[in-house]
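Listed here are the chains, written in short residue letters.
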Amino acid sequence: MRNLPKRLKKGDTVGVISPSSPPNLENLEKALPFLEELGLKVKMGKSVREKYGYLAGDDDARLADLHDMFEDPEVAGIICAGGGYGAARYADRIDYAMIKENPKVFWGYSDITFLHMAIGQYSDLVTFHGPMLASDVGKDTFHERSRRMFGQLFEPFELFYSEEISELTALVGGVADGELVGGNLSLIRGSIGTKFELDTKGKILLIEDIDEEPYQVDEMLNQLRMARKFDEAAGIVIGDFKNAEPKKREKSLTLDEVFNHYFSNLQVPVVKGFKIGHCEPHFSVPLGVKARLDADNKTLTILPGVE
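For every chain, the first residue of the written sequence is number 1, and numbering continues from 1 onward in sequence order. In keeping with the predicted nature of the model, local features appear solely for residues at pLDDT of at least 70, side-chain atom pairs appear and are counted solely at 80 or more, and the whole-chain, interface and lining totals rest on all residues. Hydrogens and water molecules were not included; the side-chain quantities draw on all heavy atoms of the structure.

K.L.:
Whenever I open this one, the overall build of the protein chain confuses me. Can you help?
P.N.:
Secondary structure is summarised from DSSP: a helix means a run of H or I of at least four residues, a strand means a run of E of at least two, and numbering begins at the N terminus for each. Along the backbone of the protein chain there are ten helices and 14 strands. All radius of gyration figures rest on C-alpha atoms, and the globule criterion is 2.2 Å times the number of residues raised to 0.38. Here the C-alpha radius of gyration of the protein chain, 18 Å, is about what a compact globule of 307 residues would show, namely 19 Å. Expressed along its principal axes, the backbone C-alpha trace of the protein chain runs to roughly 50 × 40 × 40 Å. Exposed residues in this analysis have more than 50% of their type's maximum accessible area, buried residues have under 20%, and partly exposed residues fall in between, with area computed by a 1.4 Å probe over protein chains only. Of all 307 residues assigned to the protein chain, the portion counted as buried reaches 58%. A separation threshold of at least 6 residues defines the contact pool for the protein chain, and within that pool the share at least 24 residues apart is 81%. In the structure as shown, the protein chain presents an accessible area of about 12900 Å², 46% of it carried by carbon and sulfur atoms. Measuring between centres, the 37 positive side-chain charges of the protein chain sit 1 Å from its 49 negative side-chain charges. We call two residues contacting when some pair of their heavy atoms lies within 4.5 Å. Per-residue and other accessible areas were derived by the Shrake-Rupley procedure at a 1.4 Å probe size, with only the shown protein chains allowed to occlude residues. Within this scheme the basic residues Lys and Arg register as positive and the acidic residues Asp and Glu register as negative, but His and the chain ends are omitted. To locate a charge, take atom NZ for lysine, CZ for arginine, CG for aspartate or CD for glutamate.

The structure is reproduced here in structure tokens:
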């Protein structure tokens, strides 16, 4: 079990960083009052508003922001402004020993998945897969349930997902216990063959993605299959796959057919339909904590992510 960060308290300061692409600044500004409603003060990273092509500042600037926020004793937690692309570019230069010595809440998803994998592996820290400020919180579509999920940062409580939240389908029955790991499928695939390759042995693997056609999801799942990531997993949690529509429907498998091909013959529990990912509501989860996937009753129970 990884180390738990300390819970947030009202009056704490959170650092806001853009580890990947430039966020929508208008949405970012709209999101800040939400943090104030939670009783938090905000400290902005230096490169949050920078633009360097499709990156929020060059790699040095974004890495410096990540390091500064973890090192800053006044900052109790870090919330990402948005995802996009680029976090993996400096993953091999992160000071993981420093992060391990300064454990704190780290929250984001999508491209941030690479940082979740890296920090989990080399800093042994529980991190959080949840909606980001510019990408989600600052939009009119931000759901009340998504808001409430931030409560897990202030009070340790067990998370429970059932069909009361969304319709779930068990592709394979059974019950699995293991550490919850994973996140965005593209980034998990991108870790294969690197020192950040996701270890799924005995773990419950979460996957989600956006804007990938069924054949692209198929290609990524096939690479994970050949890397034995499914054989070794204790269970599979299939989150939201937004906009996974084929451009040529008549020449495509459906996404469900792709999932059935890769998962229906596994010997471990597999459940799809979780509102985890690029969706509203977005059910936020800690990564690196113990979880139980009960495919027979279609529930997912996750231990608290803070102490």
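K.L.:
Looking at this model, I keep getting lost on the sheet that holds strand S3 (residues 75-80). Mind explaining?
P.N.:
The pairing of strands in a sheet comes from backbone hydrogen bonds and takes either a parallel or an antiparallel form. Paired strands, in this sense, are two strands between which DSSP finds at least two bridges. Reading across from one edge, S2-S1-S3-S4-S5-S12 is the order of the six strands in this open sheet, with mixed pairing throughout. Sheet topology places strand S2 (41-44) and strand S12 (285-287) at the edges, where each strand pairs with a single neighbour. Across the sheet, the axes of successive neighbouring strands diverge by a mean angle of 30°, strand direction being ignored. Bridging between strand S1 (residues 13-17) and S2 involves four bridges; their strand directions are parallel. The residue bridging glycine 15 from the neighbouring strand is lysine 43, located in S2. To get an axis, fit a line to the C-alpha atoms, keeping to the stretch in contact for a helix; angles then go from 0 to 180 degrees between the N-to-C directions.

K.L.:
Sorry, what's going on with the layout of surface pockets here?
P.N.:
Gaps left between atoms show up when a probe the size of a water molecule is rolled over them. Quantified by volume, the largest pocket comes out at close to 390 Å³. Residues are grouped as follows: nonpolar covers Ala, Val, Leu, Ile, Met, Phe, Trp, Tyr, Cys and Pro; charged covers Asp, Glu, Lys and Arg; every other residue, Gly included, is treated as polar. Here the residues of the lining of the largest pocket sort into seven nonpolar, nine polar and five charged. Any residue with an atom within 4 Å of a point lines the site, the site being either a cavity, points on a 1 Å grid over the protein atoms alone where a 1.4 Å probe fits but cannot get out, or a pocket, an open set with protein on both sides within 12 Å along at least 5 of 7 lines. Grid points are joined across faces, edges and corners, and a volume is the space filled by probe spheres set on the points.

K.L.:
Just to check I follow, could you spell out empty space enclosed by the protein for this structure?
P.N.:
Summed over the entire model, instances satisfying the criterion amount to one cavity of 30 Å³ or more. Elements supplying a minimum of two residues to the lining of the largest cavity: helix H4 (113-122) and strand S8 (175-184). Of all the elements, S8 adds the most residues to the lining of the largest cavity, at three residues. For the lining of the largest cavity, the per-class residue count stands at five nonpolar, two polar and one charged.

K.L.:
Mind showing me how you'd approach H4 here?
P.N.:
Because each turn of an α-helix spans 3.6 residues, side chains separated by three or four positions in sequence point in the same direction. Where burial is concerned, most of H4 is hidden: eight out of the ten residues are buried. Along H4, the positions that sit buried rather than exposed are Thr113, Phe114, Leu115, His116, Met117, Ala118, Ile119 and Gly120. Aspartate 124 sits one or two positions beyond H4 and adopts a positive phi of about 55°.

K.L.:
Got a minute to help me understand the packing of aromatic side chains in this structure?
P.N.:
Each aromatic ring pair is summarised here by two numbers: the centre-to-centre distance and the angle between the ring planes. Any two of the Phe, Tyr and Trp rings considered here, Trp counted by its six-membered ring, make a pair once their centres fall within 6.5 Å; the pair's planes then place it as stacked at under 30 degrees, edge-to-face at over 60, or tilted in between. Within the structure shown, the criterion is met by 15 aromatic pairs. Considering the side-chain rings of tyrosine 54 and tyrosine 85, the 5.8 Å spacing of their centres and the 70° angle between planes classify their relative orientation as edge-to-face. Residue tyrosine 54 is found in the loop between S2 and helix H2 (59-71), and its partner tyrosine 85 is found in the loop between S3 and helix H3 (96-101); the two are separated by 31 residues along the sequence. For tyrosine 54, a relative accessible area of 53% translates into the label exposed. With 5.7 Å between their ring centres and 80° between their planes, tyrosine 122 and phenylalanine 196 make a pair best called edge-to-face.

K.L.:
How should I be thinking about H2 in this particular structure?
P.N.:
By definition here, a helix of n residues has an expected span of 1.5 Å times n minus one. Taking 1.5 Å as the rise per residue, H2 with 13 residues should run 18 Å; its terminal C-alpha atoms sit 18 Å apart, in good agreement. For H2, the complete set of buried residues consists of Asp59, Ala61, Arg62, Leu63, Asp65, Leu66, His67, Met69 and Phe70. For H2, the elements touching its buried residues are S1, S2, S3, H3, strand S4 (105-108) and H4. Polar contacts, as used here, are pairs of N or O atoms within 3.5 Å; protein pairs need one atom able to donate a hydrogen and one able to accept it. Residues neighboring in sequence count only if both atoms are side-chain atoms. For H2, the N-terminal cap is aspartate 58; the gap from its side-chain oxygen to the backbone nitrogen of aspartate 60 is 3.2 Å.

K.L.:
What's the story with the environment of proline 269 in this structure? I'm lost.
P.N.:
Considering the arrangement of structural elements, one finds proline 269 in the loop between helix H10 (255-263) and strand S11 (270-272). Once the C-alpha coordinates of proline 269 and valine 237 are considered, the two residues, 32 residues apart in sequence, prove to be 8.6 Å apart. What proline 269 contacts, discounting residues up to four positions off in sequence, is Val172, Gly173, Gly174, Val175, Ala176, Ala234, Gly235, Ile236, Leu293 and Ala295.

K.L.:
Sorry if this is basic, but what is going on with the pattern of salt bridges here?
P.N.:
Oppositely charged side chains can form a pair if their charged atoms are brought close together. Salt bridges are defined by distance alone: a side-chain nitrogen of Lys or Arg within 4 Å of a carboxyl oxygen of Asp or Glu. Following the criterion strictly, the structure yields 20 salt bridges and no others. The shortest N-O distance in the salt bridge between glutamate 155 and arginine 7 comes to 3.6 Å. Here glutamate 155, found in the loop between helix H6 (144-148) and strand S6 (159-161), pairs with arginine 7, found in the segment before S1; they are 148 residues apart in sequence, far enough to count as distant. For glutamate 155, a relative accessible area of 45% translates into the label partly exposed. Its relative accessible area of 33% is what places arginine 7 among the partly exposed residues.

K.L.:
What exactly am I supposed to notice about the side chain of serine 162 here?
P.N.:
Within the element layout of this structure, serine 162 appears in the loop between S6 and strand S7 (169-172). Owing to a relative accessible area of 13%, serine 162 belongs among the buried residues under this scheme.

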